[in-house]
Structure formats: C-alpha cells, structure tokens
Amino acid sequence: MTDYDDTYTESQVIMTAVKIIAPFTLTYGLFMTFHGGDAPGGGFQGGTIVGVTVLMLAFAFGIDPTRQWLRNSVITGLVTGGVVIFGAIGLGMIALGGEFLEFYKLKAVFDIKPKWGLEAVEIGGISLIVSGVIISLFFTMAAGFTPDRPSGIGGVSGVDDDAPDAAEPEVSDDD
C-alpha cells in the first residue's frame, strides 16, 4: 500500500462508460486506419484513436493494472514493428530501382497498383508507430513524480529536505 495519494478513485460510472465506449472507439480507430487511403483518415489518425482507447482504459481501470496488462514488450513491438515495416517497404522500392517509397515501381515490376504500397505503409507502419508512441509516452509520464521519485526520473530532485532553506536567487522582471 502506498503512503501517498495517487488520486486514482474507482468510479463505477466511468468504468461502465468506458466498457461501453472502448469497443466503438477501437473499431472507429481501425476503420480510420484501414479506410484512410481512399477517404479522410489514415494511419496517423487511426493509430491515434487506437492509442487513446488504451489511455481511456487506463484512466478508467487504473494505470498500473493497464500497464501490467499491456506489457512494455508489446508496446516496444508495436513501435519497432511499425518502423521495420515502414523501412522495409521504403527500401524495397529502392531495391526495385526506384526512390525511397516510390510506389510506382510496384506497377512497373509487379503490375500492382501503387495505392497498395501506400496502404501497407499507412496500415503496417504509421498506425503501429503512432499508437505505440502515444501509449508509451502516456505510461512514461504516468510513471514519474511520486514522493520517492520527485524528479520523475527515478532519482532525487537534488533538494535536501532536512537542510535549511537556501535563499532563492532573485529574478528580475527586466529580463
């Protein structure tokens, strides 16, 4: 049991609302990701909505239980997998004799519409990177600033609580 107030309170209203809303936001995020090549949306917007759905679950059911449910290796795998897919597709276009992410080489070499190269980058690369980065940034920010880690980086803030108050340097309004 912690001896500090982590401000998390269990609310049945919020938990029930999130249980109802989360499947819809996840579905909408996936729709935005998969449908974004032909309509408004895309990997960035869809990945953001999917990532925020996880944040919504963390706010409703607690950050630590959500962090335990969604391990760091999964989040790292999302980001790493997205970067690998993005890079592999881009370098694949170079291997086909074009520029980085020049999808018109798909038409010339494989008789595949260039649109499918863009879809692969949007769905397989960008959406995974964005959702993973949003989730990892949230968990990173949520991990800091407890009484035993006041600096947020796991160490002490450099201020000795037992020492007498040192004089603060004056700051001029002229600066």
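The preceding data block contains the structure.
Residues numbered from 1 in each chain as written. Predicted model: local features only at pLDDT ≥ 70, side-chain atom pairs only at ≥ 80, totals over all residues. Heavy atoms only, no water.

## With respect to the environment of R71
As a reminder, the rule being used: Secondary structure elements are defined from DSSP: runs of H or I of at least 4 residues count as helices, runs of E of at least 2 residues count as strands, and each element is numbered from the N terminus. Polar contact criterion, stated in full: a pair of N or O atoms within 3.5 Å, where within protein one must be able to donate a hydrogen and the other to accept it, and residues adjacent in sequence count only if both atoms are side-chain atoms.
Here R71 is to be found in the loop between α3 (63-69) and α4 (72-95). Here the side chain of R71 touches Q68 through a polar contact of 3.4 Å, landing on its backbone oxygen.

## Thoughts on α4
Quick reminder of the rule: How far a helix is expected to stretch is found by multiplying one less than its residue total by 1.5 Å. To sort residues, take the accessible area from a 1.4 Å probe on protein chains only and compare it with the maximum for the residue type: under 20% means buried, over 50% means exposed, and anything in between is partly exposed. Whether two residues touch is decided by their heavy atoms; if any such pair falls within 4.5 Å, the residues are in contact.
When the terminal C-alpha atoms of α4 are compared, their 33 Å separation across 24 residues agrees well with the 34 Å that a helix rising 1.5 Å per residue should span. All of the buried residues in α4 are I75, G82, G87, I89, G90 and M93. Where α4 is buried, its residues meet α5 (104-110) and α6 (114-142). Positive phi shows up at G97, right after α4, with a value of about 100°.

## A short note on the pattern of salt bridges
What counts here: Salt bridge, as used here: a side-chain nitrogen of Lys or Arg that lies within 4 Å of a carboxyl oxygen of Asp or Glu.
Inspection of the entire model under this criterion finds two salt bridges. Between R67 and D64 there is a salt bridge whose closest N-O contact spans 2.9 Å. Of this pair, R67 and D64 are both found in helix α3, three residues apart, which corresponds to roughly one turn of the helix. A salt bridge links D111 to K107; its shortest N-O distance comes to 3.3 Å.

## Some details on the packing of helix α2 (residues 43-61) against α6
Cut-off, in case you're wondering: Every axis in this analysis is a line fitted to C-alpha atoms, fitted for helices over the stretch in contact. Angles between the N-to-C directions lie between 0 and 180 degrees. Any angle that is under 35 degrees is reported as roughly parallel, and any over 145 degrees as roughly antiparallel; angles of 65 to 115 degrees are reported as roughly perpendicular and all others as oblique. In this scheme the crossing of two helices becomes right-handed for a clockwise turn of the near helix relative to the far one and left-handed for an anticlockwise turn of less than a right angle. Under the grouping applied here, Gly and all other residues not named as nonpolar or charged are polar, the nonpolar ones being Ala, Val, Leu, Ile, Met, Phe, Trp, Tyr, Cys and Pro and the charged ones Asp, Glu, Lys and Arg.
The N-to-C vectors of α2 and α6 enclose an angle of 30°; their axes lie 7 Å apart at closest approach. Taken together, the axes of α2 and α6 are roughly parallel relative to one another. When you trace α2 past α6, the crossing you get is right-handed. Facing G43, F44, G47, T48, V50, G51, V52, V54, L55, A58 and F59 of α2, the residues of α6 in contact are E122, I126, S127, V130, S131, I134, I135 and F138. Of the residues that constitute the contact of α2 with α6, the class distribution is 12 nonpolar, six polar and one charged.

## Some words on the nonpolar core
Buried together is how nonpolar side chains tend to be arranged in soluble globular proteins. Note the threshold: Within this scheme, the nonpolar core is defined by two criteria: the residues are buried Ala, Val, Leu, Ile, Met, Phe, Trp, Tyr or Cys, and they are joined through side-chain atoms within 4.5 Å.
In terms of nonpolar packing, the biggest core is built from eight residues, these being V54, L55, A58, L70, I75, I135, F138 and F139. Counting five residues, the second-largest nonpolar core is a separate cluster that includes I89, F103, L106 and V121.

## Observations concerning the environment of N72
Tracing the sequence through the fold places N72 in helix α4. In this structure the C-alpha to C-alpha distance between N72 and G132, which are 60 residues apart in sequence, comes to 9.9 Å.

## So, α2
Given a rise of 1.5 Å per residue, 19 residues ought to cover 27 Å, and the 27 Å separating the end C-alpha atoms of α2 matches this to within 8%. Buried within α2 we find G43, G46, G47, V50, G51, T53, V54, L55, A58 and A60. Contacts from the buried residues of α2 go to α1 (12-35), α3 and α6. After α2 finishes, the residue G62 shows a positive phi value of roughly 105°.

Read these as geometric descriptors, not functional statements.
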